[in-house]
Amino acid sequence: MIYLTLIRNELFKIFSYWRTYMSYFFILLLVPLFFWGFSVGGSSIERQLTNAMGDHFLMVGKLVNAFTVAYFVLNFLWIHIPFLIALVGGDVLAGEEAVGTYRVYLTRPVSRWRIFLSKSIATLLYTLSVILFLGIMSIGVGALWMGLGDLVVLQDGILVLPAGTAFVRFALAYGLSFLNMSMVATLAILFSAMVKNAVGPVIGTMAIVIIFFAISSLPLDFFETIRPFFFTTYFDSWTKAFYDPIPWDYLWLSTWTALLHIVLFLGGAFLIFKRKDILS
Amino acid sequence: MNNSNQLAIQTEGLTKHFGVIHALQDVSLQVPEGTIFGFLGPNGAGKSTLIRVLTGLIHASAGHFAILGRRSKHNFQLRQGIGALVDRADFYKQLSGYHNLELLARMSGHNKPSHLNDILHQVGLYNRRHDKVKSYSQGMKQRLGLGQALLGDPKLLILDEPTTGLDPIGMVEIRDFIRKIAEERSATIFLSSHLLHEVEELCTHIGLIFSGDLVAHGSIEDLFQHMGEITLDLEVTPTDVAEKFLNSNDLVQSCQQTATTLRVSILYENVPELLRQLARQEVNIFSASQKNRLEAFFLAQAEGK
């Protein structure tokens, strides 16, 4: 019961800041912009897809539909969404220390473990809500705007996924995205436990994400060896949800890697938070 | 020596190091239940460090403590039944005073609206309860800080320099409020301050800390008994007769005339005898006041340190 109370407190605090709503505003503005762009320039994309298929297929119906756009929208997950998630995750501990509210919050008769856990769960719930909002805006609003249809994916060739299957693939992709974004959120919490201001964790998290991406893309043997250990290596796992057959081995590996990183980041953050002397 | 179940706070060998800095050194302190205990020391002496250890904000390097007769290795369990205001009161500025209080009250299950409104009435913020804290003055935030400390009717209130940053009117308001709480709730109040007159005005017991060392603690009267020389201001007539007598009296170390009084240096224990002798000299004694008793005591301890 106390956990529910504390999680409620944390959600109440998170959603009392205007910056929390930036993620939703961002999705609310950019996703319709994508749909508008595709509805205006969709015919040329359709022509390109048809040309790529050559004479081997007979296409019936619209190639550019809500699923196609939702697939493109998922590319926000590389940088934009992580930044918005880090903005909230980075503030969850350091923000309290910066403004001095720890002095009233941590003197209540509740253990630091419970407070930490409630803050972490609230941050992950926020992360989940952003991914769900992205899904609802992409597929829900997209279905109303452009209708549904088969999903054409250009990935090592052309893959046409029937509309019925596409739903399942998107559910899997959003699930994997949530795990990946949870890694970002928990990394931000780890940084948040280390410092006394809320800006540092956001910069720190994004710096790590960008540096790891950059290192991952360098075609050097040494980096090839260590790349599997980077958490950013599995950021693209959602794209594999649209492969045929689905590479389950890779997805399980990415899932376990994500879970391991989440536990490590949260474990590290808790140890720091538990031992921390509040001097501000 | 008090039994531990009659003590609101008991520390044994409490020590805290920050690297090479010794913020608290082997502090063993007893605060009897039902007292207003003033914890005095210059800035940086270790007052806030001790309070932060007691409230779980800082981890002690060594030593133990018990609160309201309870010992626990889980620090948070000791915080049941205590209310604390540590340093300046800071809140979630984007939330109203009521929501801030509710948020904190939920953590200990004392979030009935009637209880919250009652507290807001007590601290004089009821009419502003729905305003965001960012619109509050520092005095109002400080009162809200006292309000959150009162959640759940605590038996022990720990207040760390509660008048910090307040104007003189705000200081008087907070002091009156503390006095009222002590009287109405018969709670123990542990109050740190570096304002000597504030402590003298409010407290029944004091503790003195210098550079992390607790140099004295006990009831004010007991401590003053062992003070040694004090300064006594006598309002008497005729002044010339009194001054002549005092200058020739063996009990008096020195006597000076000020604008309105005769200022006498004398050992504390000799004061009653001197006043008796003075009365026999057909001198009218209108008042005999020991100015800045605590200040004198504080400075004497500081010199000894």
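As the structure is a computational prediction, the values presented were derived from the model and not from experiment.

Conventions used here
- Residues numbered from 1 in each chain as written.
- Chains lettered and ligands numbered in written order.
- Predicted model: local features only at pLDDT ≥ 70, side-chain atom pairs only at ≥ 80, totals over all residues.
- Heavy atoms only, no water.
- Helix = DSSP H or I, 4+ residues; strand = E, 2+ residues; numbered from the N terminus.
- Buried < 20%, exposed > 50% of the residue type's maximum accessible area, 1.4 Å probe, protein only.
- Contact = heavy atoms within 4.5 Å.
- Areas by Shrake-Rupley, 256 points an atom, 1.4 Å probe, with all protein chains shown as cover.
- Lys, Arg positive; Asp, Glu negative; His and termini not counted.
- Charge placed at Lys NZ, Arg CZ, Asp CG, Glu CD.
- pLDDT = per-residue confidence, 0-100.
- Pairing = 2+ DSSP bridges.
- Patch = residues over 30% accessible without salt bridge, like charges linked within 9 Å, V, L, I, M, F, W, Y side chains within 5 Å.
- Salt bridge = Lys/Arg side-chain N within 4 Å of Asp/Glu carboxyl O.
- Axes fitted to C-alpha atoms, helices over the stretch in contact; angles between N-to-C directions.
- Expected span 1.5 Å × (residues − 1).
- Arc of directions from axis to C-beta.
- Buried area = accessible area lost by both parts, 1.4 Å probe.
- Polar contact = N/O pair within 3.5 Å; in protein donor to acceptor, adjacent residues only side chain to side chain.
- Nonpolar A, V, L, I, M, F, W, Y, C, P; charged D, E, K, R; others polar.
- 1 Å grid on protein atoms, 1.4 Å probe; cavity = no way out; pocket = protein on both sides within 12 Å on 5 of 7 lines; lining within 4 Å.
- Points joined across faces, edges and corners; volume = space filled by probe spheres on them.

**Re the overall build of chain B**
Within chain B, the secondary structure is distributed over 11 helices and 13 strands. Overall size of chain B, expressed as C-alpha extent along the three principal axes, is 70 × 45 × 35 Å. A burial count over chain B gives 51% of its 305 residues as buried. Restricting the contact set of chain B to residue pairs at least 6 apart, pairs at least 24 apart contribute 68%. If you sum the accessible surface of chain B, you get close to 13600 Å²; carbon and sulfur atoms cover 47% of it. Where the 29 positive side-chain charges of chain B centre and where its 33 negative ones centre are 12 Å apart.

**So, the confidence of the model for chain B**
All names here are of chain B. Put simply, chain B has an average pLDDT of 88, and 97% of its residues get 70 or more. Across chain B, the element-wise mean pLDDT spans from 77 in helix H11 (residues 293–304) up to 95 in helix H1 (residues 47–54). Confidence drops under pLDDT 50 across residues 1–5; counting only partners more than four residues distant or on other chains, this segment forms 6 contacts. Across the whole predicted complex the pTM is 0.86, and at the interface the ipTM reaches 0.83.

**Section: the pairing of strand S10 (residues 229–237) of chain B**
In this structure, S10(B) lies alongside strand S12 (residues 262–267) of chain B, joined through 6 bridges in antiparallel fashion. Opposite Asp233(B), over in S12(B), you have Arg263(B) as the bridge partner.

**Some remarks on a nonpolar patch on the surface**
All names here are of chain A. A cluster of nonpolar side chains, Ile121, Leu125, Leu128, Leu132 and Ile136, forms an exposed patch at the surface whose accessible area comes to about 400 Å². Following the sequence through the fold, Leu128 ends up in helix H7 (residues 112–146). Judged by relative accessible area, Leu128 falls into the partly exposed class, the value being 30%.

**Looking at the sheet that holds strand S2 (residues 21–32) of chain B**
Residue and element names in this part refer to chain B. Ordered in space as S2-S1-S4, the 3 strands form an open sheet in which the pairing is antiparallel. Every other strand in the sheet has two partners, leaving S2 and strand S4 (62–67) as the edge strands with one partner each. Neighbouring strand axes in the sheet, compared pairwise and without regard to direction, differ in orientation by 15 degrees on average. Here 8 bridges tie strand S1 (residues 7–18) to S2, and the two strands are oriented antiparallel to one another. In the strand pairing of S2, Ile9 is matched with Val31. Against the sheet, H1 engages S1, S2 and S4, with an angle of about 115 degrees to S1.

**Here's the deal with H11(B)**
All names here are of chain B. When the terminal C-alpha atoms of H11 are compared, their 17 Å separation across 12 residues agrees well with the 16 Å that a helix rising 1.5 Å per residue should span. By the burial criterion, the buried members of H11 are Arg293, Leu294, Phe297 and Phe298. Buried positions in H11, seen along its axis, are confined to an arc of 125 degrees and lie on one side of it. In this structure, the buried residues of H11 make contact with strand S3 (36–40), helix H7 (196–202), strand S8 (205–210), strand S9 (213–219), helix H8 (220–225) and strand S13 (284–290).

**Description of the interface of chain A and chain B**
Between chain A and chain B, the contact holds 32 residues from the first and 28 residues from the second. Between chain A and chain B, a total of about 3000 Å² is buried, with carbon and sulfur atoms accounting for 56% of that surface. Our enumeration of links across chain A and chain B arrives at 2 salt bridges. Across the pair Arg103(A) and Asp90(B) runs a salt bridge, and its minimum N-O distance is 2.7 Å. At the boundary of chain A with chain B, the tally comes to 22 residue pairs in polar contact (both at pLDDT 80 or more). Within the residue set of the side of chain A that touches chain B, elements represented by two or more residues are helix H1 (2–14), helix H5 (94–99), helix H6 (102–105), H7 and helix H11 (248–275) of chain A. Broken down by element, the side of chain A that touches chain B gets its largest block of residues, 7 residues, from H1(A). Per-class residue counts for the side of chain A that touches chain B are 14 nonpolar, 8 polar and 10 charged.

**Section: the layout of surface pockets**
Considered as a void within the structure, the largest pocket measures approximately 320 Å³ in volume. What lines the largest pocket is a set of 13 residues, and nearest its centre among them are Arg112(A), Lys274(A), His74(B), Asn75(B) and Phe76(B). Here the lining of the largest pocket is built from residues that sort into 4 nonpolar, 5 polar and 4 charged. Taken as a whole, the second largest pocket encloses approximately 240 Å³ of empty space. Gly63(B), His64(B), Phe65(B), Ser72(B) and Lys73(B) are the residues nearest the centre of the second largest pocket, which is lined by 13 residues in total. When residues of the lining of the second largest pocket are traced back to their parent elements, those giving at least two are S4 and helix H2 (75–78) of chain B. No other element matches S4(B), which puts 3 residues into the lining of the second largest pocket. Considering only residue class, the lining of the second largest pocket consists of 6 nonpolar, 5 polar and 2 charged.

**Notes on the pattern of salt bridges**
Counted by the stated rule, this structure contains 23 salt bridges over all chains. Taking the shortest distance from any N to any O, the salt bridge between Lys276(A) and Glu97(A) comes out at 2.9 Å. One end of the pair, Lys276(A), is in the segment after H11; the other, Glu97(A), is in helix H5, with 179 residues separating them in the sequence. When its relative accessible area of 12% is taken as the criterion, Lys276(A) is described as buried. Two residues, Arg185(B) and Asp153(B), come together in a salt bridge whose shortest N-O distance is 2.8 Å. Here Arg185(B) is found in helix H6 (residues 168–185), whereas its partner Asp153(B) is found in the loop between helix H5 (138–149) and strand S6 (156–160), with 32 residues between them in sequence. The network of salt bridges with common partners includes Glu10(A), Lys13(A), Glu96(A) and Lys119(A).

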